[in-house]
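Each chain, written out:
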Amino acid sequence: MSISPLMPVYPRCEVRPVRGEHCHLISEDGTRYLDFAAGIAVNLLGHSHLGLIGAIQQQAATLMHVSNLYGSPQQERLARRLVESTFADTVFFTNSGAEAVEAAIKTARAYHQAGGDPQRFELITFDQAFHGRTMATISASNQDKMHKGFVPLLPGFRYVEFDDLAAAEAAIGPQTAGFLVEPIQGEGGVRVASPAFLRGLRELADAHDLLLVLDEVQTGVARTGTLYAYEHYGIEPDILATAKGIGGGFPLGACLATEKAARGMTFGAHGSTYGGNPLAMAAGNAVLDAIADDDLLAEVRSNGERLRSRLEQFIGNYPELFEEVRGLGLMLGLRMKGEPRPFMQHLRDRHQLLTVAAGDRTLRLLPPLVIGEAEIDEFFERLSAAAADYRLPEPA
Ligand SMILES: *Cc1c(COP(=O)(O)O)cnc(C)c1O
C-alpha cells in the first residue's frame, strides 16, 4: 500500500502547528509563526481567546448535540442576533461554507419553484469564483481545476466575467433564478467588486424578480470592517451564505434570507444532523459578543487602513516583486509580478510568517481581527526581511 492514511488531496507543507497563542502558531518543533492566514479567515479572534474558549468549554459540559427534531433555544438566540444585525429575516445553520452556499442555492431555486416558475433554476455566477467543494458548489464555479475528475457537473449555472455588469445582464434569460457572487473574491485573488457592479446586480434582480445571493463565507463577520461586506455597497442581498469566521474556529456556517426569498423553504425542505448544534451556537454567540464588546469593527477598519498604507509604501521599494495592494479591512491581497507561491513559501520557511496564496498572482493577508500595533510591526519586520533576502525563482 503506498497511499497515505490521510487521503492525499492537500499538498501539505512541513509546518505542523500544535498550539496557538493569540496571533501566533507554535509548531511541533517549537517554531513560532506569525499567523496572517488565520486558518484562511477563520480564527478571527486569534488562537487563545478566553471568551470563545470559555463558551465552548461551558457548553461542552452542558449539552453538545441534540437533534433538530427538538426546539433549540441556542439556535433561536444566535438566529435572532443575526436577523437583528443584518438584512435577513430567517437563518438556517450549517457546519461549513459549502453547505451554507448549498442551502443558499436550494433557497434560490425553491423561491421560483414555490412561485410556480420551475424553469427558473439557473444562477449566474462569475469568473474565478470559489464557492466550496461539494458537487453543487464546484458546479457554480468556472474553475476547471476543481472540475477535473468529477464531471458531470450539476446543471443550472452560467458563468460570466466578474465585475462585468453588461455581461451579467446579457446572460439573463427565461431560466435565470438569480446571481451568486462574492463581494470580494477571496480564493480568486482578493478581487473587490466595484460598487457599480453590485448595485447594478441589485437593480437587475429587482427589475427581473431575480435573487441576489451573496457568498460572504470569506468576507463576512467583520473581516472587511463591517459585519458583512454588502454594507460597504449600500445594498442588501436576498440570500447570504456565511461561515469561516462566524465560529471563530469552530465549524459553523449559515444561510441567511429574507422572508420573501425563503418562501420555498418550508417543513421538510432541508435539513442537517449537526447543523446548529449547541456547541457551534455557543461559539457563534461568543464571536458575536466579541465583535460587539470590543468595538472590533472600528479596530478592523483602522488596522486595515494602517496595514494597507504601510503596504503601499513598502511595495514601492520592490517594484520587481509586487504590483498592487488590494482589498478591504483585514482582507488584503498583495498582487505580485509573478507566481505568489514561492514567495509565500519563503515567508513561511525562512521568516515564520504565514500567508495564503490565491488566484490572479495574489498573496492573501488574512490576520486575526484582534491584531494590534505589535503584530503589524512584527509583520513588516518579517515581510521586509523576506523581500530583502528573496531570490526570484529562475525562469523555467
Ligand atoms: C472557503 C469558502 C467557501 C467554502 O467553505 P468551506 O467551509 O470550505 O466549505 C465558500 N465560499 C467562499 C467565498 C469561501 O471563501
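### As for the site of the ligand
Near the ligand you find Ser-96, Gly-97, Ala-98, Phe-130, His-131, Gly-132, Glu-182, Asp-215, Val-217, Gln-218 and Lys-244, and these make up its full shell. Phe-130 has a polar backbone atom sitting 3.3 Å from a nitrogen atom of the ligand. In the model, a nitrogen atom of the ligand is placed 2.7 Å from a nitrogen or oxygen of the Asp-215 side chain. Within the complex, 80% of the 390 Å² of free accessible area of the ligand lies under protein.

### Structural notes on helix α9 (residues 278-293)
Here α9 spans 22 Å end to end across 16 residues, near enough to the 22 Å set by a 1.5 Å rise per residue. Within α9, 13 of the 16 residues are buried, which leaves the element mostly enclosed by the surrounding structure.

### Considering the sheet that holds strand β16 (residues 356-358)
Read from one edge to the other, the open sheet built from four strands follows the order β13-β14-β17-β16, with strand pairing classed as antiparallel. Looking at strand neighbours, the two that pair on one side only are β13 (322-328) and β16, the edges of this open sheet. Adjacent strand axes in the sheet meet at a mean angle of 30 degrees when their direction is disregarded. Here strand β14 (residues 331-336) pairs with strand β17 (residues 362-365) via four bridges, running antiparallel. Residue pairing for β17: Gly-333 is matched across the bridge by Arg-364.

### Looking at the domain arrangement of the chain
Segmentation of the chain into domains returns domain 1 (17-49 + 295-389) and domain 2 (63-291). The C-alpha-based centres of domain 1 and domain 2 are spaced at 27 Å. Domain 1 puts 29 residues into the contact, and the matching count from domain 2 is 26 residues. For the pair domain 1 and domain 2, the two sides together bury roughly 2200 Å², of which 66% comes from carbon and sulfur. By the criterion of area lost to domain 2, the three top residues of domain 1 are Leu-297, Leu-328 and Met-331, representing 29% of everything that side buries. Here domain 1 is connected to domain 2 by zero salt bridges. Taken together, the links from domain 1 to domain 2 amount to seven residue pairs in polar contact (both at pLDDT 80 or more). Of all the secondary structure elements, the ones that give two or more residues to the side of domain 1 that touches domain 2 are α1 (38-41), α10 (296-315), β13, β14 and β17.

### Here we look at the pattern of salt bridges
Under the definition given, this model contains 19 salt bridges. Of the charged contacts, one joins Arg-32 and Glu-21 as a salt bridge, the two residues approaching to 2.9 Å between their closest N and O atoms. Remark: Glu-21 occurs in strand β1 (residues 17-21) and Arg-32 occurs in strand β3 (residues 32-35); sequence separation between them is 11 residues. Assessed through its relative accessible area of 38%, Arg-32 is described here as partly exposed. Residue classification places Glu-21 among the partly exposed positions, given a relative accessible area of 31%. Taking the shortest distance from any N to any O, the salt bridge between Arg-310 and Asp-377 comes out at 2.8 Å. Placement of the pair is Arg-310 in helix α10 and Asp-377 in helix α12 (residues 373-388), with a sequence separation of 67 residues. The class of Arg-310 is partly exposed, set by a relative accessible area of 29%. Exposure remark for Asp-377: the relative accessible area of 31% places this residue in the partly exposed category. A cluster of three or more residues bridged by salt bridges with shared partners is formed by Glu-323, Glu-324, Arg-326, Arg-335, Asp-360 and Arg-361.

### Regarding the packing of aromatic side chains
Per the stated rule, a full pass over the model turns up 11 aromatic pairs. When the centroid spacing of 5.3 Å and the interplanar angle of 90 degrees are considered together, the rings of Phe-126 and Phe-197 count as edge-to-face. Here Phe-126 is found in strand β5 (residues 122-126), whereas its partner Phe-197 is found in helix α8 (residues 195-208), with 71 residues between them in sequence. Taking the centre distance of 5.7 Å and the plane angle of 65 degrees together, the rings of Phe-162 and Phe-197 count as edge-to-face. Highlighted residues: Phe-162 in the loop between β6 (157-160) and α7 (165-170) and Phe-197 in helix α8, separated in sequence by 35 residues. You can call Phe-162 buried: its relative accessible area is 7%. Judged by relative accessible area, which is 1%, Phe-197 ranks as buried.

### Description of α8
Look at α8: 20 Å from first C-alpha to last across 14 residues, which is about the 20 Å you get at 1.5 Å a residue. On its buried face, α8 is in contact with β5, α7, β7 (176-181) and β10 (211-215).

### Structural notes on the packing of α10 against α12
Close contact between α10 and α12 brings their axes to 11 Å; oriented N to C, the two are set at 20 degrees. Looking at the two axes, α10 sits roughly parallel to α12. In this structure, α10 meets α12 at a crossing whose hand is right-handed. Across the interface between the two elements, Asn-303, Arg-306, Leu-307, Arg-310, Leu-311 and Phe-314 of α10 pack against Glu-373, Ile-376, Asp-377, Phe-379, Phe-380, Leu-383, Ser-384 and Ala-387 of α12. The class makeup of the residues in the contact of α10 with α12 is eight nonpolar, two polar and four charged.

### Quick look at the side chain of Asp-35
Within the secondary structure, Asp-35 is located in strand β3. At 2.8 Å, the side chain of Asp-35 and the backbone nitrogen of Ala-38 are in polar contact.

What counts, and where the lines are drawn
- Residues numbered from 1 in each chain as written.
- Predicted model: local features only at pLDDT ≥ 70, side-chain atom pairs only at ≥ 80, totals over all residues.
- Heavy atoms only, no water.
- Near = heavy atom within 4 Å.
- Polar contact = N/O pair within 3.5 Å; in protein donor to acceptor, adjacent residues only side chain to side chain.
- Areas by Shrake-Rupley, 256 points an atom, 1.4 Å probe, with all protein chains shown as cover.
- Helix = DSSP H or I, 4+ residues; strand = E, 2+ residues; numbered from the N terminus.
- Expected span 1.5 Å × (residues − 1).
- Buried < 20%, exposed > 50% of the residue type's maximum accessible area, 1.4 Å probe, protein only.
- Pairing = 2+ DSSP bridges.
- Axes fitted to C-alpha atoms, helices over the stretch in contact; angles between N-to-C directions.
- Domains from an automatic or database assignment.
- Contact = heavy atoms within 4.5 Å.
- Buried area = accessible area lost by both parts, 1.4 Å probe.
- Salt bridge = Lys/Arg side-chain N within 4 Å of Asp/Glu carboxyl O.
- Phe/Tyr/Trp six-rings, centres within 6.5 Å; stacked < 30°, edge-to-face > 60°.
- Parallel < 35°, antiparallel > 145°, perpendicular 65-115°, else oblique.
- Left-handed = near helix turned anticlockwise from the far one by under 90°.
- Nonpolar A, V, L, I, M, F, W, Y, C, P; charged D, E, K, R; others polar.

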